[in-house]
Amino acid sequence: MRARKPIILIDDSPQSQKIVKLFMDNEIDFVTYHIKKFEDSCCGELPTTKTPSVIAAEGIFKEESLILYYI
């Protein structure tokens, strides 16, 4: 069975770039999704979504400390 890749919701902040770098440094396959893309889709803005956030099979991680624990 093939594992699902975690999704990282990002914006242009240094925190988002740091999380992406940590995933890359730890050789974790992932998919990024820039929060601005929601504005262009049918869903509209997601004003309550915190970035960076990770959505993974193990759960949703919205704080840097929790994302680091996941990594």
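Here, every reference points to the structure presented above.
The text that follows walks through the structure, step by step, so that each part is easy to find. (Residues numbered from 1 in each chain as written. Predicted model: local features only at pLDDT ≥ 70, side-chain atom pairs only at ≥ 80, totals over all residues. Heavy atoms only, no water.)

1. Considering unusual backbone geometry
The phi torsion at E27 lies on the positive side, around 55°, for a residue other than glycine. Tracing the backbone shows E27 in the loop between α1 (14-25) and β2 (31-34). (Helix = DSSP H or I, 4+ residues; strand = E, 2+ residues; numbered from the N terminus.)

2. Side note on the pairing of strand β1 (residues 7-10)
Looking at chain direction, β1 and β2 are connected through four bridges and run parallel. Counted as the bridge partner of I8 is T32 from β2. Where the polypeptide runs from β1 across α1 and back to β2, its parallel neighbour, the crossover connection is right-handed. Strand direction decides the pairing type here: β1 and strand β3 (residues 53-56), joined by three bridges, are antiparallel. Paired with L9 across the strands is S53, a residue of β3. (Pairing = 2+ DSSP bridges. Right-handed = clockwise from strand over helix to strand, strands pointing away.)

3. A closer look at a nonpolar patch on the surface
Together, I7, V31, I55 and I60 line one region of the surface with nonpolar side chains, adding up to about 310 Å² of accessible area. Here V31 shows up in strand β2. V31 gets classed as partly exposed once you look at its relative accessible area, which sits at 39%. (Patch = residues over 30% accessible without salt bridge, like charges linked within 9 Å, V, L, I, M, F, W, Y side chains within 5 Å. Areas by Shrake-Rupley, 256 points an atom, 1.4 Å probe, with all protein chains shown as cover. Salt bridge = Lys/Arg side-chain N within 4 Å of Asp/Glu carboxyl O. Buried < 20%, exposed > 50% of the residue type's maximum accessible area, 1.4 Å probe, protein only.)

4. Comments concerning the side chain of D11
Position of D11 among the secondary structure elements: in the loop between β1 and α1. Side chain to side chain, D11 and S13 meet in a polar contact 2.6 Å long. Separated by 2.8 Å, the side chains of D11 and S16 make a polar contact. Leave out the neighbours within four places in its chain, and D11 touches S16, Q17, H34, I35 and T51. (Polar contact = N/O pair within 3.5 Å; in protein donor to acceptor, adjacent residues only side chain to side chain. Contact = heavy atoms within 4.5 Å.)

5. Considering the nonpolar core
Membership of the largest hydrophobic core is limited to nine residues, which are I8, I10, I19, V20, F23, V54, A56, F61 and I67. Secondary structure elements with two or more residues in this core: β1, α1 and β3. Among the elements that take part in this core, α1 stands out by supplying three residues, more than any other. The contacts of V54, once residues within four sequence positions are left out, are P6, I7, I8, F23, G59, I60, F61, I67 and Y70. (Core = buried A, V, L, I, M, F, W, Y, C linked by side-chain atoms within 4.5 Å.)

6. Overview of the pattern of salt bridges
Tallying each qualifying case throughout the model produces two salt bridges. K18 is paired through a salt bridge with E64; the nearest N and O atoms lie 2.4 Å apart. Of this pair, K18 sits in helix α1 while E64 sits in helix α3 (residues 64-70), placing them 46 residues apart in sequence. Overall, K18 belongs to the partly exposed group, its relative accessible area being 41%. For K21, the salt bridge is made with D25, and the minimal N-O distance between the two is 2.8 Å. Here K21 pairs with D25, and both are found in helix α1, just four residues apart, close to one helical turn.

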